[in-house]
Amino acid sequence: FNLLKKIFSTFVKGEIVNVDHKSAELIKIIENTYRNVNIGLANEIMRISIDEKLDVKNIIKIANNHPRVNILNPGIGIGGHCIPIDPNFLISKYKNIPLISSSIKTNKIQIDYFFNKINSFLNSKKYKKIIFLGLTYKENVSDIRNSPTISLIKKLLKTNKNNEFFVSDPWLTRSPKTINQANFVDSADLNIYQFDIVFLSVAHNTFKNYFSKKNKLFIDLSGYKNYENISNL
């Protein structure tokens, strides 16, 4: 351990803790499971608030005034490699951990929840050109692993043949293969006024300059603009 600590100390700024390898693996899984459970709670609060036509962000902001409450920001779902995956290692071995099992389930439901709302909305309206801004699993990264936005668009492409879907992400150069039916728009050429509906799905910094004035219908799935118009779905 002393040799490893000496090596890692050359570039690690935080505290280096001595722990056995089995504990280290469990700690990593627990960290990501904690996030999974807390995101699940935030997503359920979002669904409750939307159904009650309440201000999601304000509900969470005021609840977080309590010194021992720290509800995370909800969204379309969870993505990345660690948070959606690591809790599965626990439930595959242990059958008496229903809270963790439930958080995995509720985060998967979140994508279906928004798919059903958006799909019904599109079927009831005559909007043609639809764009999703942001495809990565979180803001200001290029990582698309387990992206909830891509999963959502993939489902919508299968059921909405009369709509024309567009996507844009400043961290990508083209549409991922799984949604290549969606037309990719380079963020440098993006003009949001040419679309009938704009979904802000990932609030990359690049997109934040577009929304001082918005086009016909803007729907914020990310929370950057306080989930604007999300209750209209």
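The rules behind the values
Along each chain, residues carry numbers from 1 onward, in the same order as the chain's sequence is written. The model is predicted, so local features are restricted to residues of pLDDT at least 70 and side-chain atom pairs to those at 80 or more, both for listing and for counting; the totals for chains, interfaces and linings are taken over all residues. Excluding hydrogens and water, the side-chain values take into account all heavy atoms of the structure. For Phe, Tyr and Trp, where Trp contributes only its six-membered ring, two rings pair if their centres lie within 6.5 Å, and the inter-plane angle classes them as stacked under 30 degrees, edge-to-face over 60, or tilted in between. Segments assigned H or I by DSSP are reported as helices when at least four residues long, segments assigned E as strands when at least two residues long, and all are numbered from the N terminus. Buried residues are those whose accessible area, probed at 1.4 Å on protein chains only, stays under 20% of the maximum for their type, while exposed residues exceed 50% and partly exposed ones sit between those limits. Two limits define a charge over a ring: the Lys NZ or Arg CZ must be within 6 Å of the ring centre, and within 35 degrees of the ring normal. Between Lys or Arg on one side and Asp or Glu on the other, a salt bridge is scored when a side-chain nitrogen of the former is within 4 Å of a carboxyl oxygen of the latter. The predictor rates its confidence in each residue with pLDDT, a number between 0 and 100. Two strands qualify as a pair provided DSSP detects at least 2 bridges between them. In this analysis, two residues are considered to be in contact whenever any of their non-hydrogen atoms come within 4.5 Å of each other. To get an axis, fit a line to the C-alpha atoms, keeping to the stretch in contact for a helix; angles then go from 0 to 180 degrees between the N-to-C directions. For patch building, the residue pool is restricted to those with more than 30% relative accessible area and no salt bridge; the joining distance is 9 Å between like charges and 5 Å between nonpolar side chains (Val, Leu, Ile, Met, Phe, Trp, Tyr). Each accessible area value is a Shrake-Rupley result obtained with a 1.4 Å probe; residue values ignore everything except the protein chains displayed when judging cover.

K.L.:
Got a sec to walk through the packing of aromatic side chains? Specific residues and values, please.
P.N.:
The full count for this structure, using the stated rule, is 5 aromatic pairs. Taken together, a centroid distance of 4.7 Å and an interplanar angle of 15 degrees make the contact between Phe132 and Phe199 stacked. Of the two residues, Phe132 is situated in strand β1 (residues 129–133) and Phe199 in strand β4 (residues 197–200); the sequence distance between them amounts to 67 residues. Accessibility assignment for this pair places Phe132 and Phe199 in one class, buried. Looking at Arg47, its charged tip hangs above the ring of Tyr113, at a distance of 5.9 Å from the centre.

K.L.:
Help me get a handle on the pattern of salt bridges, residues and values and all.
P.N.:
If you walk through the whole model with that rule in mind, you get 4 salt bridges. A salt bridge links Asp112 to Lys155, with the nearest nitrogen and oxygen atoms 3.3 Å apart. Taken together, the positions of Asp112 in helix α5 (residues 98–124) and Lys155 in helix α6 (residues 148–159) put the pair 43 residues apart, joining distant regions of the chain. Among the residues examined, Lys155 registers a relative accessible area of 28% and is labelled partly exposed. With a closest N to O distance of 2.8 Å, Asp143 and Arg145 form a salt bridge.

K.L.:
Describe the environment of Lys138, listing the residues and the values that go with them.
P.N.:
Within the secondary structure layout, Lys138 lies in the loop between β1 and α6. Under the relative-accessibility criterion, Lys138 is labelled partly exposed at 38%. Distance in space between the C-alpha atoms of Lys138 and Leu3 is 36 Å, their sequence separation being 135 residues.

K.L.:
Got a sec to walk through the confidence of the model for the protein chain? Specific residues and values, please.
P.N.:
For any part of a model where pLDDT is low, the fine detail of the predicted coordinates should not be relied upon. Confidence along the protein chain averages 92 in pLDDT terms, with 97% of residues attaining 70 or more. Mean pLDDT per element in the protein chain: helix α1 (residues 2–8) is the minimum at 83, and strand β2 (residues 164–168) is the maximum at 97.

K.L.:
Quick one: what's the story with the pairing of β4, residue by residue and with numbers?
P.N.:
Of the two faces of β4, the one lined by Ile197 and Phe199 and the one lined by Val198 and Leu200 are each fully buried. The pairing of β1 with β4 spans 4 bridges and is classified as parallel. For Leu133, the partnering residue across the bridge sits in β4 and is Leu200. Of the pairings in the sheet, the one linking β4 to strand β5 (residues 218–220) comprises 3 bridges and is parallel in character. Of the residues in β5, the one forming a bridge with Val198 is Phe218.

K.L.:
Explain the pairing of β2 to me, using residue names and the numbers behind them.
P.N.:
Most of β2 is tucked away, with 4 of its 5 residues classed as buried. Here β1 runs beside β2; their pairing, made up of 5 bridges, is parallel. Bridged to Ile130 within β2 is Phe165. Bridge analysis of β2 against strand β3 (residues 183–184) gives 2 bridges, and the strand direction is parallel. Across the sheet, the residue bridging to Phe166 is Asn183, located in β3.

K.L.:
So what's going on with the sheet that holds β5? Residues and values would help.
P.N.:
Reading across the sheet, the 5 strands line up as β3-β2-β1-β4-β5 and stay open at both edges, with parallel pairing between neighbours. Pairing within the sheet leaves two strands with one partner each, and these edge strands are β3 and β5. Here α6 sits on the sheet in contact with β1 and β2, set at roughly 165 degrees to β1.

K.L.:
Kindly report on a nonpolar patch on the surface, identifying the contributing residues and their values.
P.N.:
A cluster of nonpolar residues, Leu3, Leu4, Ile7, Phe8, Phe11 and Val12, forms a patch on the protein surface that exposes about 580 Å² of accessible area. Within the secondary structure layout, Phe11 lies in the loop between α1 and α2 (21–51).

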